[in-house]
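Chains, contacts and geometry: an overview
Residue strings, one per chain:
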Amino acid sequence: SAVISQKPSRDICQRGTSLTIQCQVDSQVTMMFWYRQQPGQSLTLIATANQGSEATYESGFVIDKFPISRPNLTFSTLTVSNMSPEDSSIYLCSAVTGGSNQPQHFGDGTRLSIL
Amino acid sequence: GEDVEQSLFLSVREGDSSVINCTYTDSSSTYLYWYKQEPGAGLQLLTYIFSNMDMKQDQRLTVLLNKKDKHLSLRIADTQTGDSAIYFCAERDDKIIFGKGTRLHILP
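Report follows, based on the coordinates. Here the residue numbering is sequential within each chain, running from 1 through the sequence in written order. By the order in which they are written, chains take letters starting at A while ligands take numbers starting at 1. Under the rules for a predicted model, residues below a pLDDT of 70 receive no local features and side-chain atom pairs below 80 are neither given nor counted, while totals for whole chains, interfaces and linings still include all residues. Excluded from the side-chain calculations are hydrogens and water; all other atoms, namely the structure's heavy atoms, are used.

Structural notes on the overall build of chain B
Along the backbone of chain B there are zero helices and eleven strands. In terms of overall dimensions, chain B is globule-like: its C-alpha atoms have a radius of gyration of 13 Å, near the 13 Å expected for 108 residues. C-alpha extents for chain B along the principal axes are approximately 40 × 25 × 20 Å. Counting the 108 residues in chain B, one finds 45% classified as buried. Numbering goes from the N terminus for both helices and strands, where a helix is a DSSP run of H or I of at least four residues and a strand is a run of E of at least two. Two things to know: the radius of gyration comes from C-alpha atoms, and the globule rule equals 2.2 Å times the number of residues to the power 0.38. Each residue is placed in one exposure class: buried if its accessible area under a 1.4 Å probe, protein chains only, is under 20% of its type's maximum, exposed if it is over 50%, and partly exposed if it falls in between.

A closer look at the interface of chain A and chain B
Any two residues whose heavy atoms approach within 4.5 Å are treated as being in contact. With 20 residues of chain A at the interface, the matching set in chain B holds 19 residues. Salt bridges are counted wherever a side-chain nitrogen of Lys or Arg sits within 4 Å of a carboxyl oxygen of Asp or Glu. The tally of links between chain A and chain B comes to zero salt bridges. Contributions of two or more residues to the side of chain A that touches chain B are made by strand E4 (29-37), strand E5 (43-49), strand E9 (89-97) and strand E10 (104-106) of chain A. Only Asp, Glu, Lys and Arg are considered charged, only Ala, Val, Leu, Ile, Met, Phe, Trp, Tyr, Cys and Pro nonpolar, and every remaining residue, Gly among them, polar. Considering only residue class, the side of chain A that touches chain B consists of eight nonpolar, nine polar and three charged.

Points about unusual backbone geometry
With an omega dihedral of -10°, the bond running from Lys 7 of chain A to Pro 8 of chain A counts as a cis peptide bond. Summarising the element assignment, Pro 8 of chain A is placed in the loop between strand E1 (4-7) and strand E2 (10-13). Positive phi, close to 55°, is recorded for Lys 70 of chain B, a residue that is not glycine. The phi dihedral of Asp 78 of chain B falls on the positive side, at around 50°, and the residue is not glycine. Relative to the assigned elements, Asp 78 of chain B resides in the loop between strand E8 (71-76) and strand E9 (85-92). Classification of Asp 78 of chain B as partly exposed rests on a relative accessible area of 40%.

In structure tokens:
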């Protein structure tokens, strides 16, 4: 299965600042996604990262708050902008590698705390 | 809309079998997944089943799918302390929808 690496693994940030999370996959990727997992909750899809074009955002998530880049097939970034304590969550990168009929794998996540 | 439901907690004695149940609503789901999340870790794909299958077995894990009732279960045989985690059921058509997770607690 694919190895999905996220950086940083955790961070503590000040209110009003922004943080960019990187995601690198070690094999051919057909689809990449970003999820949020708030404390004690399940996973919520933020957006699908599209290679070479704007990400596709889910209801409740906007590009100004969560800009996403995907400059090539195996790398993506998620920025959490103008952070507030409500943004304290785990942010997870996910990918489908190989064909679209392959399962979806996850990175270990970035644990973000906003003071 | 699409929804995935699972019970929030399950306690099982070490050595017994654990059965975690899940129901879903999207009849067009093509894949159904079980993920494991240990404390402080990301999601580990445990196993998955295609919607045209009834059962899949992988060592101590058995997945049963009742497509008519939209019911999925995960059986863990000979439950061990290392199985203590949160187990997420998920369905996928064009995107994955997760349940809220079942926290499995192992009793000595």
